[in-house]
Amino acid sequence: MTTRIATLTGAALLMATPLFAAPALAQQNCAQRDQILDRLTSKYGESRQSIGLAPNSGVVEVFASTETGTWTILMTTPNGVTCLIASGQAFETLAEVAVAKGDDA
């Protein structure tokens, strides 16, 4: 996983807790998974770039379009509700390698 995707996914996990703590806010940003995926694909041309498991057993996914540069972070709860965590522009795929601990490189 690239550093940028890891950073975005980490940020999504930090931001997810307030969304689920405030049901009124979450309802505005959530829908059935198939509806959200259809919109990301048809309107923005985004496809899944990475996936991870959140501490609450939710699935966090980063979707992006390499053509338009748009990106979206989603979290799907164990009960199947998918919520928008963050979205933006200027997505880039990076091929950075993590430096091993104790390595002076």
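Preceding this paragraph is the structure being described.
Quantities reported herein were computed from a predicted structural model and do not represent experimental measurements. (Residues numbered from 1 in each chain as written. Predicted model: local features only at pLDDT ≥ 70, side-chain atom pairs only at ≥ 80, totals over all residues. Heavy atoms only, no water.)

Enquirer: Explain the state of the cysteines to me, using residue names and the numbers behind them.
Expert: Going through the model one piece at a time under the given rule, you end up with one disulfide. The side chain of cysteine 30 participates in a disulfide bridge whose partner is cysteine 83; the two sulfur atoms lie 1.9 Å from each other. Of note, the bridge from cysteine 30 to cysteine 83 carries an S-S torsion of about 105° and is right-handed in sense. Residue cysteine 30 is located in strand β1 (residues 30-32), and its partner cysteine 83 is located in strand β5 (residues 81-88); the two are separated by 53 residues in the primary sequence. (Disulfide = S-S within 2.5 Å. Helix = DSSP H or I, 4+ residues; strand = E, 2+ residues; numbered from the N terminus.)

Enquirer: Account for the side chain of serine 65, naming residues and giving values.
Expert: You can see serine 65 is positioned in the loop between β3 (59-64) and β4 (71-76). For serine 65, a relative accessible area of 4% puts it in the buried group. Engagement of the side chain of serine 65 in a polar contact is seen with the backbone nitrogen of threonine 68, the distance being 3.1 Å. Setting aside residues up to four positions removed in sequence, serine 65 forms contacts with Tyr44, Gly45, Glu46 and Thr70. (Buried < 20%, exposed > 50% of the residue type's maximum accessible area, 1.4 Å probe, protein only. Polar contact = N/O pair within 3.5 Å; in protein donor to acceptor, adjacent residues only side chain to side chain. Contact = heavy atoms within 4.5 Å.)

Enquirer: Pulling in residues and values, what's your account of the pattern of salt bridges?
Expert: Tallying each qualifying case throughout the model produces two salt bridges. Notably, a salt bridge pairs arginine 33 with glutamate 61, separated by 2.7 Å at the nearest N-O pair. Of this pair, arginine 33 sits in helix α3 (residues 33-44) while glutamate 61 is found in strand β3, placing the two residues 28 residues apart along the sequence. Two residues, arginine 48 and glutamate 61, come together in a salt bridge whose shortest N-O distance is 2.7 Å. (Salt bridge = Lys/Arg side-chain N within 4 Å of Asp/Glu carboxyl O.)

Nothing here speaks to function; it is geometry throughout.
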